[in-house]
Amino acid sequence: MPNRVVALLGPVQEMYPVTCASAVFGDHGPDIPRHYDFRLCAERPGPLRTTMGVDIVVEAGLEALADADTILVAGWCPGPDLSAELSDAVLAAHARGARIVAVCSGIHVPARLGLLDGRTAAAHWEATGELSRHYPKVRADATVLYVDHGDVATAGATATTIDLCLHQVRREHGAALAMRIGRQLAAAPHREGCQRQYPALPTAGPVPDSLAPLLDWIAANLGRPLTLTDLANRSGMSPRTLNRHFQEQLGISPGRWLLDRRIASTRALLEETDLPVETIAERVGLSSAVNLRRRFRNAVNTTPAAYRRSFR
């Protein structure tokens, strides 16, 4: 059975994170296996106002949460307490094992229900003060893109919805499927939750609009023995400047970003091919099977052979 993802919509709903989730969990055509079923629900079915100034019609009510595997709360208006009916429905779903995914202001729902007490939650940088006042037991973190505790996951900004949803696909069905869906959506290379939520303001000198062209070039040339000097020459910066821009915009070094991409490609090749580890090491730029096994265990906490048995 496909994983049932239900987006719980609130009053005056922002649609961008909902459509992002639908793009990841929806139908991708006959060439990509379908592992998810996506639908909408609301506490009061019928016309629902959105931030676009138009209404959408939501047919399902809270009964849709009764068999949901994942409940997506894509934004929520802070204000009155949750109704007893909505609270009971979400808590009952969580108690039987449903995963709660809250994006941006959607964090108010699991936070009010106590599901984030004593836990770290990704929060938008503008909302950390408000969250700390209302939910002192929640450790709001504005420096990361998302935090996943397994049963509850949070993303600080609406633009992080695709990252968090692809992260879930990768957890449940492997890196290869997540990469195939991401490529179909023309999404940027997957960002880990530990990466920065937003770029720091520059202290001096111009900051490029985006590192995307360089990141795309790196992803297309993983098999090459790339060095920081190679990346700096490609970007037209000095190695020191490039490293600073990576730290400011992504929160990690160029070397760490490159290794993450190589591990992601290794996972996809282990899942989708029967290539020997030595060949995969050459294709992803890890030089040797010994180096690949060591790096892979450090990153994934298992061996390439065990990973292939689980996901191939």
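Keep in mind it's a predicted model, so treat the numbers as computed, not measured. (Residues numbered from 1 in each chain as written. Predicted model: local features only at pLDDT ≥ 70, side-chain atom pairs only at ≥ 80, totals over all residues. Heavy atoms only, no water.)

### Notes on the sheet that holds strand β10 (residues 152–155)
Here six strands make up an open sheet; going across it, the order is β2-β1-β5-β6-β10-β9 and the pairing mixed. Two strands close off the open sheet at either side, each with one partner strand: β2 (36–42) and β9 (146–148). Across this sheet, the average inter-strand angle for adjacent strands is 15°, counted without regard to direction. Along the sheet, helix α5 (residues 161–173) contacts β1 (3–9), β2, β5 (70–74), β6 (99–103), β9 and β10; its crossing angle with β6, the most-contacted strand, is approximately 160°. (Pairing = 2+ DSSP bridges. Helix = DSSP H or I, 4+ residues; strand = E, 2+ residues; numbered from the N terminus. Axes fitted to C-alpha atoms, helices over the stretch in contact; angles between N-to-C directions. Contact = heavy atoms within 4.5 Å.)

### Brief notes about the pattern of salt bridges
What the rule picks out here adds up to eight salt bridges. A salt bridge links Glu 43 to Arg 44; the shortest N-O distance between them is 3.9 Å. Judged by its relative accessible area of 25%, Glu 43 is partly exposed. Of the residues examined, Arg 44 reaches a relative accessible area of 64% and is grouped as exposed. Two residues, Asp 260 and Arg 256, come together in a salt bridge whose shortest N-O distance is 3.0 Å. (Salt bridge = Lys/Arg side-chain N within 4 Å of Asp/Glu carboxyl O. Buried < 20%, exposed > 50% of the residue type's maximum accessible area, 1.4 Å probe, protein only.)

### Overview of the side chain of Gln 13
With respect to the helices, strands and loops of the structure, Gln 13 is situated in the loop between β1 and α1 (16–25). Its relative accessible area of 2% is what places Gln 13 among the buried residues. In terms of polar contacts, Gln 13 uses its side chain to reach the backbone amide nitrogen of Gly 10, at 2.9 Å. If near-sequence neighbours (up to four positions away) are discounted, Gln 13 is found in contact with Leu 8, Val 18, Leu 48, Arg 49, Thr 50, Thr 51, Ala 74 and Gly 75. (Polar contact = N/O pair within 3.5 Å; in protein donor to acceptor, adjacent residues only side chain to side chain.)

### Description of the side chain of Arg 267
Here Arg 267 is to be found in helix α10 (residues 254–272). Among buried charged residues, Arg 267 stands out as having no salt bridge; its nearest opposite-charge side chain is Glu 271, 4.9 Å away. Aside from chain neighbours lying at most four places away, what touches Arg 267 is Arg 170, Ala 175, Phe 296, Val 300 and Tyr 307. (Lys, Arg positive; Asp, Glu negative; His and termini not counted.)

### Topic: the environment of His 108
Looking at the element boundaries, His 108 is found in helix α3 (residues 108–112). Here His 108 falls in the buried class, since its relative accessible area comes to 4%. Between the C-alpha atoms of His 108 and Val 73, which are 35 residues apart in sequence, the distance is 9.2 Å. Here the side chain of His 108 touches Tyr 135 through a polar contact of 2.9 Å, side chain to side chain.

### Some words on unusual backbone geometry
For Val 12, which is not glycine, the phi dihedral falls at a positive 50°. As for its position among the elements, Val 12 is in the loop between β1 and α1. Under the relative-accessibility criterion, Val 12 is labelled partly exposed at 44%. Positive phi, close to 50°, is recorded for Cys 104, a residue that is not glycine. Within the secondary structure, Cys 104 is located in the loop between β6 and α3.

Note that all results are geometric; they support no functional claim without further evidence.
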